[in-house]
Amino acid sequence: GVKLLLHGLCSNTTVKSLDLKGNNLRTVGAEALGKLLRQNKSIRSLILEWNSLGVWEEGFSFFCQGLGTNNFLQRLDLRNNQINHQGAGELAMALKQNASLQELDLRWNNIGLLGGRALLNCLHSNKTLKRLELAGNNVPSDILRAVEQAMDHNQDRQTILTETRNRAYILSKEVLSLKDEKTKQFLDLMDTIDKQKEEIAKSGRTSAARVSQLQEALDEQHSIMNSLKAKLQMTEAALALSEQKVHNLGELLNAAKQEQTSMAECHFMELQQQKQEGIDREGKLLRDLSAASEKNLLLRNQVDELEKKCKVQQDQLFLVKQDLTNTTAELKLRAVQAEERLEMEKRRFKQSLDDMESLRLKEVDRMTQHIEASERSMQDRIQRLEAIRIALEEELSQVKAAALTERGQAEEELIKVRNRARLEEQQRLEHLEEKLRLMTESRDEAQNCCLKQKQMVAEAQTKANQLSLHADGLRRRLEELQQDLNSKEEEKVTEVNKVKVELQEQIGHLQAERTAQEGLREKISALERQLKALSSNHREALLDKEGEISMLLEKLRMKEADISRMREEEAQRASFLQNAIMAYVQGSPLGTHSSRK
């Protein structure tokens, strides 16, 4: 029945939680569960309490393989399933591959010491698990503490990751808003430039139309002059008939002169209007240029404010460095105090050995050898601690150098980076203090062991066999402590490497943002250059138009001079004709007859 149910759920996309508590699932059920975890993508919570899955090793291994490939399950309950250390090893392998599980309940099983170590080792590679319950599994207290520390570390890491993602999302929004504002400004500038171009084209068209009108008027004047010449020729033929027609022709000439003067005045007024319109356009262009310059000044003020913020951030970095130096000094003082305490304990231990040598030389030799071995191990631990402290100081110096080199690159997000660095450094210091506390506790435990050994030396006369057995137990405990120290050192190295990688990623993001800002500045400078070039082109075009207008005025003056000269020639011709007609009339017989009368 379970097989059919799970086979149907493989293709289901709506079920989020599945509770199979107390159903006596066996190998077939475990294999069906593994297949379900491989194929289903909707289930987030799975409860398998009281099913004895650990008894069936093959089925449980298949279930663990499915759990390793699943990336959607978040909560798994395996309480009271008789899981031994081998099953815990399979679960550890699955947890190394899984990247979605957040809660795992393994209470009331048979995991033991080996299973607890396997689960603790898998937590170094699993960074998503937040809660791991191991009560009622015969797991030592030190492993449980280490598991709790790993869970706390994962929770802190996930909170930091969520904060960084939120900050990155906010920064991307701000960058997009800045880009939109810059594009809007650029489009506004382009619109103003297009409007100015259209106005210039319109003014050119109007000026060309007016020039064509002036040319048409001049052509009309030329046609009028030709008609007048024809009329004058007709008058030369008709002067003999009547002097009244000559008078009428004179009146017509005066009317034509008045019309020409009125036309010239109209043309002059139109030219003045064109000049005023050109001056108004120049004023508009100058106002636009002043507005653009004001915008540039505002941008420069913003850049100055950003530089001030960078200086404030540099001061905060200096304060952080001072805090780091103070913490390193405190750590050094604590290490010196620990060394002094160790020396005092060594002296006391030597005095006790001298007292006990007189009692039993053979047993004391054996115990002295054992004590010397323990002292060497303690010295090795002290040396390791000193090496760790030196490595941490080197890392701090490297971080300081990196901060000095990258100080000029960070402009806008140094405040956020500082807050992150402070949090990370506080976490590091807290971890270091916790580790030092653990080391002091281990040292105190070693001192207690030494006192117990002294008592056992006093009682060694009657219980030599018990002393040997107790010594073996102490050796095993020392080996376990050494293994724990090695695992803790590996955790330190991995944490330091991860912090370095995160800092490098943040530096890369800052560099990319700085390049984007430089590109925006270059675009702004290019737009300013284009505005300057357009203003210079407008000025040159206005100067060219003024030169053309002056040339047209000169042509009009020349044509008016030609017209006045033609009028004078026509007046001279008319006077000559009148004189000739009068002479002809006086010389004719009619004139002589009239004179005789």
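Let me begin by describing the structure that accompanies this report. Here the structure is a predicted model, which is why all the values come from computation and not from measurement.

## Observations concerning the side chain of N126
- Inspection of the secondary structure assignment puts N126 in the loop between helix 5 (112-122) and strand 5 (131-133).
- What makes N126 buried here is its relative accessible area of 2%.
- Beyond its immediate stretch of four places on either side in the chain, N126 contacts L95, N98 and N154.

## Some words on the sheet that holds strand 1 (residues 17-19)
- Pairing in this open sheet of five strands is parallel, and the strands run 1-2-3-4-5 from one edge to the other. The open sheet has two free edges, formed respectively by strand 1 and strand 5, since each of these has just one partner strand. On average, adjacent strands in this sheet sit at an angle of 0° to one another, irrespective of strand direction.
- In the sheet, strand 2 (residues 45-47) pairs with strand 3 (residues 75-77) via three bridges, with the strands oriented parallel. Bridge pairing in strand 3 places S45 opposite R75.

## Some remarks on the packing of helix 3 (residues 57-69) against helix 4 (residues 85-97)
- Here helix 3 crosses helix 4 at 15°, and the two axes come no closer than 8 Å. Compared by their axis directions, helix 3 and helix 4 come out roughly parallel. Viewed along their axes, helix 3 and helix 4 form a crossing whose handedness is right-handed. Where helix 3 approaches helix 4, its residues E57, F60, S61, C64, L67 and G68 are matched on the opposing element by Q86, G87, E90, L91, A94 and Q97.

## A closer look at the environment of E491
- Relative to the assigned elements, E491 resides in helix 10 (residues 464-587).
- Accessibility expressed as a relative area gives 22% for E491, which makes it partly exposed.
- As a C-alpha pair, E491 and H124 span 367 residues in sequence and 7.4 Å in three-dimensional space.

## Some details on empty space enclosed by the protein
- Overall, the coordinates contain five cavities of 30 Å³ or more when judged by the stated rule.
- Of the pockets and cavities examined, the largest cavity occupies roughly 320 Å³.
- The wall of the largest cavity is formed by 19 residues, among which Q149, A150, H153, E491 and E495 lie closest to the centre.
- Here the lining of the largest cavity gets six residues from one element, more than from any other, and that element is helix 6 (residues 141-238).
- Looking at side-chain class alone, the lining of the largest cavity contains five nonpolar, six polar and eight charged residues.

## With respect to the nonpolar core
- Core analysis: the largest hydrophobic core is formed by 44 residues, its most contacted members being L48, F63, L76, L78, L104, L106 and L132.
- Residues contacting F63, with those up to four places away along its chain left out, are A30, L33, G34, L37, L46, L48, L76 and L78.
- Membership of the second largest hydrophobic core comes to five residues, among which are L189, I193, L531 and L534.

## Quick notes on a negative patch on the surface
- The grouping of E148, D152, D156, E330, E430, E433 and E434 at the surface amounts to a negative patch.
- Counting only elements with at least two residues in the negative patch, the list comes to helix 6 and helix 9 (414-458).
- By the secondary structure assignment, D156 is in helix 6.

## Structural notes on the packing of aromatic side chains
- Applying the stated criterion across every chain, the model contains one aromatic pair.
- The ring of F62 carries the charged tip of R38 above its face, separated from the ring centre by 4.8 Å.

## Examining the packing of helix 1 (residues 2-9) against helix 2 (residues 27-39)
- Where helix 1 contacts helix 2, the axes come no closer than 9 Å and their chain directions differ by 5°. It follows that helix 1 is roughly parallel to helix 2 by the angle criterion. For the pair formed by helix 1 and helix 2, the contact residues are V2, K3, L6, H7 and L9 on the first element and V28, G29, A32, L33, K35 and L36 on the second.
- Here the contact of helix 1 with helix 2 is composed, by residue class, of seven nonpolar, two polar and two charged.

Criteria and cut-off values
- In this convention, every chain numbers its residues from 1, walking through the sequence in written order.
- Owing to the predicted nature of the model, reporting of local features is limited to residues with pLDDT of at least 70; listing and counting of side-chain atom pairs is limited to 80 or more, with chain, interface and lining totals taken over all residues.
- Values shown for side chains rest on all heavy atoms present in the structure; no hydrogens or waters enter the calculation.
- Only DSSP runs of H or I with at least four residues qualify as helices, and only runs of E with at least two residues qualify as strands; both kinds are numbered from the N terminus onward.
- Relative accessibility under 20% of the residue-type maximum defines a buried residue, over 50% an exposed one, and the middle range a partly exposed one, all with a 1.4 Å probe and only protein chains included.
- Between two residues, a contact is recorded if the distance between any of their heavy atoms is within 4.5 Å.
- Two strands are counted as paired when DSSP detects at least two bridges linking them.
- Only the stretch in contact is used when fitting a helix axis, every axis being a line fitted to C-alpha atoms; angles between N-to-C directions are given from 0 to 180 degrees.
- For classification, angles of less than 35 degrees are called roughly parallel, those exceeding 145 degrees roughly antiparallel, those between 65 and 115 degrees roughly perpendicular, and all remaining angles oblique.
- With the far helix as reference, a near helix turned anticlockwise by less than a right angle produces a left-handed crossing, and one turned clockwise produces a right-handed crossing.
- A pocket, in this scheme, is an open set of points on a 1 Å grid over the protein atoms alone with protein on both sides within 12 Å along at least 5 of 7 lines, while a cavity is a set where a 1.4 Å probe fits but cannot get out; residues line either one if an atom lies within 4 Å of a point.
- Grid points are joined across faces, edges and corners, and a volume is the space filled by probe spheres set on the points.
- Gly falls in the polar group here, along with every residue not listed as nonpolar (Ala, Val, Leu, Ile, Met, Phe, Trp, Tyr, Cys, Pro) or charged (Asp, Glu, Lys, Arg).
- Note on terminology: a nonpolar core comprises buried Ala, Val, Leu, Ile, Met, Phe, Trp, Tyr and Cys residues joined through side-chain atoms within 4.5 Å.
- Without a salt bridge and with relative accessible area above 30%, a residue can belong to a patch; like charges are then joined within 9 Å and nonpolar side chains (Val, Leu, Ile, Met, Phe, Trp, Tyr) within 5 Å.
- Every accessible area reported is derived by Shrake-Rupley at a probe size of 1.4 Å, with residue values counting cover from the shown protein chains alone.
- What makes a salt bridge here is a side-chain nitrogen of Lys or Arg within 4 Å of a carboxyl oxygen of Asp or Glu, nothing more.
- Charge counting follows a simple rule: Lys and Arg are positive, Asp and Glu are negative, and His as well as the terminal groups are ignored.
- Charged groups are reduced to one reference atom each: NZ for lysine, CZ for arginine, CG for aspartic acid, CD for glutamic acid.
- Note on ring pairs: Phe, Tyr and Trp rings are taken, using the six-membered ring of Trp, and paired if centres are within 6.5 Å. Classes follow the plane angle, with under 30 degrees stacked, over 60 edge-to-face and the rest tilted.
- Whether a charge sits over a ring comes down to the Lys NZ or Arg CZ being within 6 Å of the ring centre and within 35 degrees of the ring normal.

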